[in-house]
Amino acid sequence: MSSHQPTTDFHPKALLTACILPGLGHIVRGEIARGVYIMTSLLTMFVGGIFLGGVDVIDSKEDRVWFYAQALVGPAAFGVDYYHQNHLKVMANTTDRSGRMALRSAFPTEGRKPDGTVLLGGRPPNTKSVGRMNELGTLACALAGMLNLIVILDAGFPSIRPRRQQPTPRAGDAVAAELAGNVAISTATGGNG
Amino acid sequence: MMSRFRVSFMPWFVALVVMFACAGLTLAQNASPDGLAKPQQGFGPAAGAASQAATQAPAHPWRPFLDPVIIHDSWYFLIIPMAFLMSMAYKAVRCHDMRRYWRAVIAMTIQVVLGMIALGAGFWMLIEFVLPRIAP
């Protein structure tokens, strides 16, 4: 075997599609079962994390570092974050660094008007999760994102996997094959070989 | 070959099913339909305060994906589905031969769960027995 034989391949199309949806890159590359397993597991983990901790676990403003890991899931994470920021949070009475109105989660006794302002006495659009459920939900979504990074890399730069594992010939097998060849030659030549 | 595969695969599979059943039963017992669990037994003063605050909040029906599921009493069972899903994704990338995929997934799940149990036991012993001797 040559030492310069490449061990990885490059599939730009699979790389791009893997970034869109977990497992899609493997499906595009023709590894359907592998892709379906990846898609099932990572999307279940991501959706399960949101189910556990509520939509509050995806928050690019308040949990920015966690969001870096969660964003690796792809557009789904950005979509959930967009919905959380723009349809569930209420306007705070302060401005952020860029001078825009800051957003915050509604308190338990506050609701949200359609324009994003606080409705006193209403029900909050979502409940801010705390404690273990917040930790576990955030962790599950972040774990899905980090695993998806491995998946994206494997889809774009796949290891060249052997089609079928061939048994490695042993030294004894080589001797036996040589002996068998000699016997065959000897038989063909009438025992004079 | 097939019988040998079944013999070696079955204990892992049965162990995983039992683990899932235990986790599911415990979670189902501790979660209530409105998402607010029974008053927390707690691990300290903070847990008691959280429980008190939860009981004082106005009661609303639970909304999936908007409100968190509160299963504080049995959160540690969630490691089983989490380890299983993580193993599924990891082994889908790492397995060369997909015929051995599920076996590898189940083995890795059990290894992760047992490893976490061992870590927990180790830290418990460190805190309960070793640290009091070092710094009483």
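Described in the following lines is the structure provided in the data block.

About the criteria used
The residue numbering used here restarts from 1 in each chain and proceeds along that chain's sequence as written. Labels are handed out in written order, letters beginning with A for the chains and numbers beginning with 1 for the ligands. In keeping with the model being predicted, local features are shown solely for residues with a pLDDT of at least 70 and side-chain atom pairs are shown and tallied solely at 80 or more, while totals for entire chains, interfaces and linings include all residues. Values shown for side chains rest on all heavy atoms present in the structure; no hydrogens or waters enter the calculation. In this description, contact between two residues means that some pair of their heavy atoms is separated by no more than 4.5 Å. Salt bridge criterion: a side-chain nitrogen from Lys or Arg within 4 Å of a carboxyl oxygen from Asp or Glu. Helix and strand definitions here come from DSSP, where helices need a minimum of 4 consecutive H or I residues and strands a minimum of 2 consecutive E residues; each element is numbered from the N-terminal end. Partly exposed describes any residue whose relative accessible area lies between the buried limit of under 20% and the exposed limit of over 50%, with all areas from a 1.4 Å probe on protein chains only and scaled to the type maximum. Between rings of Phe, Tyr and Trp, where Trp is taken as its six-membered ring, a pair exists when centres lie within 6.5 Å; planes separated by under 30 degrees are stacked, by over 60 edge-to-face, and by other angles tilted. Two conditions define a charge sitting above a ring: the NZ of Lys or the CZ of Arg must be within 6 Å of the ring centre, and it must be within 35 degrees of the ring normal.

1. Overview of the interface of chain B and chain A
Many descriptions give the size of an interface as the accessible area lost when the pieces come together.
Here's step 1: Counting from both sides, the interface comprises 27 residues of chain B and, opposite them, 36 residues of chain A.
Here's step 2: If you look at where chain B meets chain A, you find one salt bridge.
Here's step 3: Notably, a salt bridge pairs Arg123 of chain A with Asp67 of chain B, separated by 3.2 Å at the nearest N-O pair.
Here's step 4: Counting residues per element, the ones that place at least two in the side of chain B that touches chain A are α3 (79–94) and α4 (101–134) of chain B.

2. A short note on the pattern of salt bridges
Once the charged atoms of two side chains with opposite charge are near each other, the side chains can pair.
All names here are of chain A.
Here's step 1: Tallied over the full model, the rule gives 11 salt bridges over all chains.
Here's step 2: For Glu31, the salt bridge identified is with Arg34, shortest N-O distance 3.0 Å.
Here's step 3: Since its relative accessible area comes to 22%, Glu31 is described here as partly exposed.
Here's step 4: Members of the salt-bridge network, linked through shared partners, are Asp56, Asp59, Glu62, Lys89 and Lys128.

3. Side note on the packing of aromatic side chains
Here's step 1: Counted by the stated rule, this structure contains 10 aromatic pairs over all chains.
Here's step 2: Arranged with centres 5.1 Å apart and planes meeting at 20 degrees, the rings of Phe10 of chain A and Phe157 of chain A form a pair that is stacked. With Phe10 of chain A in the segment before α1 (12–20) and Phe157 of chain A in the loop between α6 (131–156) and α7 (171–188), this pair connects stretches of sequence that are 147 residues apart.
Here's step 3: Classification of Phe157 of chain A as partly exposed rests on a relative accessible area of 40%.
Here's step 4: Geometrically, the ring pair formed by Tyr37 of chain A and Trp102 of chain B is edge-to-face, given 5.2 Å between the ring centres and 75 degrees between the ring planes. Placement of Tyr37 of chain A in helix α3 (residues 32–53) and of Trp102 of chain B in helix α4 is noted, with the two residues assigned to different chains.
Here's step 5: Taking the relative accessible area as the measure of exposure, Tyr37 of chain A reaches 21% and is therefore partly exposed.
Here's step 6: One aromatic cluster in this structure is built from Tyr37 of chain A together with Tyr101 and Trp102 of chain B.
Here's step 7: The lysine or arginine in question, Arg132 of chain A, covers the ring of Trp75 of chain B, its NZ or CZ lying 4.3 Å from the ring centre.

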